[in-house]
Amino acid sequence: MKRKRWPLAEQSLFFVRLGRLLERGYPLGQALEFLAIQAPAKRRPEFERCLQQLRAGLPVSAAVEALSVDRSAVSLLFFAERHGDLPRGMAEAGAALAQKARFGEQLRRLGRYPLFLLILLAVMLVGMERWLLPQFERAAATLSSGNQSVSLLMSLIAHVPMALGVIALLAAFSALFYFGCFRRWPVARQLHFALYIPWCASFVRMFATCAMARQLGCLLQAGLSVYEALEVFSEPASGPFLQVEGRRIRDGLVGGMALDVLVGAARYYEPELALVIRHGQSNGELGKELEHYGEFLLQMIEKRAEAALKLVQPLLLSVVGALIVGMYLAILLPMFSMLNSL
């Protein structure tokens, strides 16, 4: 039976509190026991499974998989274990999940009212098309048969419900394609497909570059060599993208290619990443510069996501407003035309 995942806000609070307890000197087992006491009764069996796996000697990232938490948090904990700063990894996991929860809530809040208006408008337009517009068309044809603009507007309004239905079908098809096909593709094919979507391509490049720069920078700062860090990437717990990239870049390094050349040859990275690697290698601060560049990209992603969210509601409201104005014109213009013909 598939377990129901915790709400993102609850996951974020859990990781933040766990990180704070570790910073205050609590052993991980005691910290989990302390949080389990305060957790709802339905969560306690998961805490017990997690504790059992820790006592059996499993890594923290593997034991946390016993909890119904987001996969991205497990990946962050895996890297935190490898660079030796688990409290920081807990804090980063909590912050990432909090940001994800905020983004989802903002999207739902901004889209809820305009979508309600669109549904209500679609119902009104269907009613107009079935009962009002045919009568106006007959009257307008009798009294003002030469007014082509009125006939054209009424025809356009009559086809709006069909257009909204087509948009809804396209949205449903896109969701089925994403969950049924896209998520099952290999990572390389997903990236290749996503890069052909104009608006999506920039976000894909920023996410891929941020993930590579932050995790590689943290591992290098912890004292690992580039090759050892790529060996860590090659493990399944690092996540599908970093696992594939770790193997690709590691094989290229074995073949004698430079790290910046291997990164620059990939279309799914920002061009600046190769320059940052080259500059960091020249001054011996590759780990620090990669980590700083990753933090910068993370801030840029947050700003762009917020800007995109701010466009959602005005755009939807503009569409709804245009349809409402068109609906009123479709009613009023034939009436004025008929009055002028009397």
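Whatever comes next refers back to the structure up there.
Residues numbered from 1 in each chain as written. Predicted model: local features only at pLDDT ≥ 70, side-chain atom pairs only at ≥ 80, totals over all residues. Heavy atoms only, no water.

Caption draft 1: Structural context of the overall build of the protein chain. A tally of helices and strands in the protein chain yields 14 helices and zero strands. In the protein chain, the succession of helices and strands from N to C terminus is α-α-α-α-α-α-α-α-α-α-α-α-α-α. The burial tally for the protein chain puts 41% of its 342 residues in the buried class. Excluding contacts between residues fewer than 6 apart, the proportion of contacts in the protein chain whose partners are at least 24 apart in sequence is 62%. (Helix = DSSP H or I, 4+ residues; strand = E, 2+ residues; numbered from the N terminus. Buried < 20%, exposed > 50% of the residue type's maximum accessible area, 1.4 Å probe, protein only. Contact = heavy atoms within 4.5 Å.)

Caption draft 2: The arrangement of helix α9 (residues 198-221) in detail. If you check α9, its first and last C-alpha atoms are 35 Å apart, about what 24 residues at 1.5 Å a residue would give, namely 34 Å. Looking at the residues trailing α9, positive phi occurs at Gly-223, about 105°. (Expected span 1.5 Å × (residues − 1).)

Caption draft 3: Representation of the pattern of salt bridges in the model. Summed over all chains, the structure comprises 15 salt bridges. Note that Glu-295 and Arg-214 form a salt bridge whose closest N and O atoms lie 3.3 Å from each other. Here Arg-214 lies in helix α9 and Glu-295 lies in helix α14 (residues 286-341), a separation of 81 residues in the sequence. A relative accessible area of 14% places Arg-214 in the buried class. (Salt bridge = Lys/Arg side-chain N within 4 Å of Asp/Glu carboxyl O.)

Caption draft 4: Highlighting the side chain of Ser-12. Tracing the sequence through the fold places Ser-12 in helix α1 (residues 8-23). The residues contacting Ser-12, other than those within four sequence positions of it, are Gly-94, Leu-97 and Ala-98.

Caption draft 5: Examining the nonpolar core more closely. Counting residues in hydrophobic clusters, the biggest one holds 37 residues, and the most contacted among them are Met-212, Phe-233, Phe-241, Tyr-269, Leu-273 and Leu-290. Among the elements of the structure, α5 (71-82), α8 (187-194), α9, α10 (226-233), α11 (240-254), α12 (259-264), α13 (271-283) and α14 are those that each provide at least two residues to this core. Considering every element that reaches this core, the biggest residue donor is α9, with ten residues. Look past the residues within four positions of Phe-233 in its chain and what remains in contact with it is Phe-79, Met-212, Gln-215, Leu-216, Leu-219, Ser-238, Leu-242, Gln-243 and Gly-246. Counting 30 residues, the second-largest nonpolar core is a separate cluster that includes Phe-14, Val-64, Ala-73 and Ala-93. (Core = buried A, V, L, I, M, F, W, Y, C linked by side-chain atoms within 4.5 Å.)

Caption draft 6: Representation of the side chain of Ser-75. Positionally, Ser-75 belongs in helix α5. What makes Ser-75 buried here is its relative accessible area of 14%. A polar contact is formed between the side chain of Ser-75 and the backbone oxygen of Ser-238, at a distance of 3.0 Å. Apart from residues no more than four positions distant in its own chain, Ser-75 is found in contact with Ala-237, Ser-238 and Gly-239. (Polar contact = N/O pair within 3.5 Å; in protein donor to acceptor, adjacent residues only side chain to side chain.)

Caption draft 7: View of the environment of Tyr-113. The residue Tyr-113 is located in helix α6 (residues 86-143) in this model. With relative accessibility at 48%, the residue Tyr-113 sits in the partly exposed group. For the pair Tyr-113 and Leu-316, spaced 203 residues apart in sequence, the C-alpha to C-alpha distance is 9.3 Å.

Caption draft 8: Spatial organisation of a nonpolar patch on the surface. A cluster of nonpolar side chains, namely Tyr-113, Phe-116, Leu-120, Met-124 and Leu-317, defines an oily patch on the protein surface of about 490 Å² accessible area. The greatest single-element share of the nonpolar patch, amounting to four residues, is contributed by α6. For Leu-120, a relative accessible area of 41% translates into the label partly exposed. (Patch = residues over 30% accessible without salt bridge, like charges linked within 9 Å, V, L, I, M, F, W, Y side chains within 5 Å. Areas by Shrake-Rupley, 256 points an atom, 1.4 Å probe, with all protein chains shown as cover.)

Caption draft 9: A look at the packing of α10 against α11. Interhelical geometry of α10 versus α11 gives an angle of 145° and a closest axis separation of 7 Å. Pair α10 / α11 crosses with left-handed handedness. For the pair formed by α10 and α11, the contact residues are Val-226, Tyr-227, Leu-230, Glu-231 and Phe-233 on the first element and Leu-242, Gln-243, Gly-246, Ile-249, Arg-250, Leu-253 and Val-254 on the second. Across the contact of α10 with α11, the residue classes tally to eight nonpolar, two polar and two charged. (Axes fitted to C-alpha atoms, helices over the stretch in contact; angles between N-to-C directions. Left-handed = near helix turned anticlockwise from the far one by under 90°. Nonpolar A, V, L, I, M, F, W, Y, C, P; charged D, E, K, R; others polar.)

Caption draft 10: The arrangement of the environment of Phe-182 in detail. Here Phe-182 is to be found in the loop between α7 (148-180) and α8. On the basis of relative accessible area, Phe-182 is assigned to the buried category, the value being 15%. In sequence terms Phe-182 and Ala-194 are twelve residues apart; their C-alpha atoms lie 9.8 Å from each other. Apart from residues lying up to four places away in sequence, Phe-182 is in contact with Phe-177, Gln-190 and Phe-193.

Caption draft 11: Region of the structure containing the packing of aromatic side chains. Counted according to the given criterion, the structure contains 18 aromatic pairs. An angle of 55° between the planes, with centres 5.9 Å apart, marks the rings of Phe-182 and Phe-193 as tilted. With Phe-182 in the loop between α7 and α8 and Phe-193 in helix α8, this pair connects stretches of sequence that are eleven residues apart. Residue Phe-193 is classed as partly exposed on the basis of its relative accessible area, which comes to 35%. Each ring, one from Trp-185 and one from Phe-193, has its centre 5.6 Å from the other, and the planes form 80°; the classification is edge-to-face. By relative accessible area, Trp-185 is classed as buried at 18%. Here the aromatic cluster, defined as three or more aromatic residues joined through ring pairs, consists of Phe-177, Tyr-178, Phe-179, Phe-182, Trp-185 and Phe-193. Lying over the aromatic face of Trp-185, Arg-189 brings its terminal NZ or CZ to 3.9 Å of the ring centre. Across from the ring centre of Tyr-196, 5.7 Å away, lies the NZ or CZ of Arg-267, which sits over that ring. (Phe/Tyr/Trp six-rings, centres within 6.5 Å; stacked < 30°, edge-to-face > 60°. Lys NZ or Arg CZ within 6 Å of the ring centre and 35° of its normal.)

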